[in-house]
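Listed below, chain by chain, are the residues.
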Amino acid sequence: MASIVGTPPVRLRALFQDAGLRPHQARLAVHALATSTWRKGLSWPDALARLGRQARAVAEAVMQAPPGVVVRQVAVAADGTRKLLVALPDGALVESVVIAATDGDRTTLCVSSQVGCGRRCTFCETGRLGLVRNLESSEIAAQLLLARAHWEPVRGARPPIRNVVFMGMGEPLDNLDAVADAVAVMTDPVAGGLSWRHVTVSTVGVAWKLPDFFAKVRANLAVSLNAPDDDRRARWMPINSRCDLASLKAALQQHLPADRDVLVEYIVFDGHNDRDADADLLIRWLGGLPARLNLIVANPGPDRHLRTPTMDRVRALHQRLLAAGIRAMVRHPHGRDIGGACGQLAASATA
Ligand code: SF4
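Model, not experiment: these values are computed from the prediction.

**Q** Can you help me understand the overall build of the chain in this one?
**A** On a plain count of helices and strands, the chain comes out with 13 helices and 12 strands. Relative to the compact-globule value of 20 Å for 351 residues, the chain shows a C-alpha radius of gyration of 21 Å, a close match. Seen through its C-alpha atoms, the chain measures out along the principal axes to roughly 70 × 45 × 35 Å. Partitioning the contacts of the chain with sequence separation of at least 6, the portion at a separation of at least 24 is 67%.

Now the structure itself:
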């Protein structure tokens, strides 16, 4: 059933019209419900109470209350990153992470799209859980509502949450329809109000779903690469056995819309993928792709062989990539001390 948190407003308006409201009545009713929920933070009964009799009857017939999703725990890191442990209606747990950039110009929310994950990357805590279930679109979008409610009273002079990345628990393309609806809600002006350019969906490289992704989701795409050749990538990321690096690149070249580039993420592991020769392989793979590259300093994870590199090695890699004309950035870990950094999300309650 539809909800004001998980169903795109454009679809709600159509539902209201199908149920007998005239177009302008449907538009006003959806606008009132969305404003009550997303701007004023009203409860569902209070949002319904603001509608006229006819619109209220229709809303009660075609919609259900938003899911009972709550923040169970908050961990605050030394760098200000906040990890929210989110309890879903069935008691399952996921994590969302609020990251305030150290330069102070943006605050980003990292959301989860699945409970656990079936892709089983060896460096990732979530992968160890296996896939438990997909999140509903409402459970994904509710993470933005919850995070804003948590962040606003504590943010002080830091910016509000205006960026969302799907880099939390789960592989978003394995739950594509729910992710598409959640992105549509988050980026609708009467609901989440984010610019689609400030939303990034990160995939492990499920290349055969890219046409569907670009047809359904208006957001940036990130691809988690992490290895410069098939041998190492297949060892760390089982997806590579189904879709190797050449196939992934070909799919990106074929399906990326003309006005978009792809953000390639490369976790740097000490001694495993950080040599000059690795940079050269990476440069070759990136050739011909409209891409930006994030070098991510590895965090301590479940694979004890894949360790944090020295910053000297990361800088050397960065310089080599820049010299080759690659648009590369170094991304420093946020929230490492609370297990809130890349690859560390495992959603376990400690109390
Ligand atoms: S890195 Fe992403 S795709 Fe891989 S196991 Fe972790 S959550 Fe899943």
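Let's pick the thread back up.
**Q** It is not clear to me how unusual backbone geometry should be interpreted in this structure. Could you clarify?
**A** A positive phi angle, near 55 degrees, is found at R120, a position not held by glycine. One can find R120 in the loop between β5 (114–116) and α5 (125–129). Classification of R120 by C-beta neighbours within 10 Å gives partly exposed; the count is 17. Although it is not a glycine, N226 sits at a positive phi angle of roughly 75 degrees. Its location among the elements puts N226 in the loop between β9 (220–224) and α9 (230–236). A tally of 26 C-beta atoms within 10 Å means that N226 is categorised as buried.

**Q** Hey, could you run me through the sheet that holds strand β3 (residues 93–100) in this one?
**A** Pairing between sheet strands relies on hydrogen bonds along the backbone, with the strands arranged either parallel or antiparallel. Overall, mixed pairing links the 10 strands, which are arranged β1-β2-β3-β4-β7-β8-β9-β10-β11-β12 in an open sheet. With partners counted over all chains shown, the strands left at the sheet margins are β1 (70–76) and β12 (327–331), one partner each. Neighbour to neighbour, the strand axes of the sheet diverge by 25 degrees on average, direction disregarded. In this sheet, strand β10 (residues 262–268) lies alongside β9 in parallel orientation, the contact comprising 4 bridges. Of the residues in β10, the one forming a bridge with L221 is V262. Contacts from helix α6 (residues 137–151) reach β1, β2 (82–87), β3, β4 (107–110) and β7 (161–166), with the element oriented near 130 degrees to β2.

**Q** Just to check I follow, could you spell out helix α4 (residues 53–62) for this structure?
**A** In an α-helix there are 3.6 residues to a turn, and that puts residues three or four apart on one side. Buried within α4 are the following residues: A55, V58 and A59. The buried residues of α4 occupy one face: seen down the axis, they fall within an arc of 100 degrees. Looking at α4, the residues exposed on the side facing more than 90 degrees away from the buried face are R53, E60 and A61. The secondary structure elements touched by the buried residues of α4 are α1 (9–18), α2 (23–39) and α3 (44–49).

**Q** Please explain the site of the ligand as it appears in this structure.
**A** Around the ligand, the structure places C117, R119, R120, C121, C124, T126, G127, M169, G170, E171 and V204. Class assignment of the residues belonging to the shell around the ligand gives a composition of 5 nonpolar, 3 polar and 3 charged.

**Q** What should I look at first to understand the environment of V297 in this one?
**A** Relative to the elements of secondary structure, V297 occurs in strand β11 (residues 291–297). With 21 C-beta atoms packed within 10 Å, V297 lands in the buried category. Filtering out sequence-adjacent residues up to four positions away, V297 remains in contact with V268, T308, P309, V314, H332 and P333.

**Q** Would you mind going over the domain arrangement of the chain with me for this structure?
**A** How big an interface is tends to be stated in terms of the accessible area lost upon association of its parts. On domain assignment, one finds that the chain holds domain 1 (9–62) and domain 2 (70–338). Taking the mean C-alpha position of each, domain 1 and domain 2 sit 34 Å from one another. Each side of the interface is counted separately: domain 1 has 6 residues, and domain 2 has 6 residues. Examining the composition of the side of domain 1 that touches domain 2, we find that 4 residues originate from one element, α2, more than from any other. Of the residues assigned to the side of domain 1 that touches domain 2, the class counts are 3 nonpolar, 3 polar and no charged.

**Q** So what exactly am I meant to see when it comes to the pairing of β12 here?
**A** Looking along a regular strand, one sees side chains alternate from face to face of the sheet. Summarising the sheet, β11 and β12 pair through 5 bridges and their orientation is parallel. Bridging across to β12, L293 finds its partner in A328. Viewed along the sheet, the connection from β11 through helix α13 (residues 311–323) into β12 turns out right-handed.

**Q** When you look at the packing of α1 against α2 in this model, what are you seeing that I'm missing?
**A** The angle between the axes and the distance between the axes are what describe a pair of packed helices. Running from amino to carboxyl end, α1 crosses α2 at an angle of 135 degrees, the nearest separation of the two axes being 9 Å. In terms of axis orientation, α1 runs oblique to α2. Crossing geometry of α1 relative to α2 is assigned as right-handed. Each of P9, L12, R13, F16 and Q17 in α1 lies in contact with α2, whose residues at this interface are P23, A26, R27, A29, V30 and A34.

**Q** How do you make sense of the nonpolar core when you look at a structure like this?
**A** Within soluble globular proteins, side chains that are nonpolar tend to cluster in buried spots. Counting 100 residues, the largest nonpolar core has V179, V183, M186, Y266 and V268 as the members making the most contacts within it. Top contributing element to this core by residue count: helix α7 (residues 176–186), with 9 residues. Residues from two domains meet in this core; each of domain 1 (9–62) and domain 2 (70–338) gives at least three. Beyond its immediate chain neighbours, meaning those up to four positions away, V183 contacts V199, V217, R218 and A219.

**Q** Looking at this structure, how should I read the pairing of β10?
**A** Within β10, 6 of the 7 residues are buried, leaving the element largely enclosed by the surrounding structure. Direction of pairing for β10 relative to β11: parallel, over a ladder of 7 bridges. Residue pairing for β11: V264 is matched across the bridge by L293. With helix α12 (residues 276–286) bridging β10 and the parallel β11, this β-α-β connection has right-handed handedness.

Conventions used here
- Residues numbered from 1 in each chain as written.
- Predicted model: local features only at pLDDT ≥ 70, side-chain atom pairs only at ≥ 80, totals over all residues.
- Helix = DSSP H or I, 4+ residues; strand = E, 2+ residues; numbered from the N terminus.
- Rg over C-alpha atoms; globule rule 2.2 N^0.38 Å.
- Contact = placed C-beta atoms within 7 Å.
- Buried ≥ 20, exposed ≤ 12 C-beta atoms within 10 Å, placed from the backbone.
- Pairing = 2+ DSSP bridges.
- Axes fitted to C-alpha atoms, helices over the stretch in contact; angles between N-to-C directions.
- Arc of directions from axis to C-beta.
- Near = placed C-beta within 6 Å.
- Nonpolar A, V, L, I, M, F, W, Y, C, P; charged D, E, K, R; others polar.
- Domains from an automatic or database assignment.
- Right-handed = clockwise from strand over helix to strand, strands pointing away.
- Parallel < 35°, antiparallel > 145°, perpendicular 65-115°, else oblique.
- Left-handed = near helix turned anticlockwise from the far one by under 90°.
- Core = buried A, V, L, I, M, F, W, Y, C linked by C-beta atoms within 7 Å.

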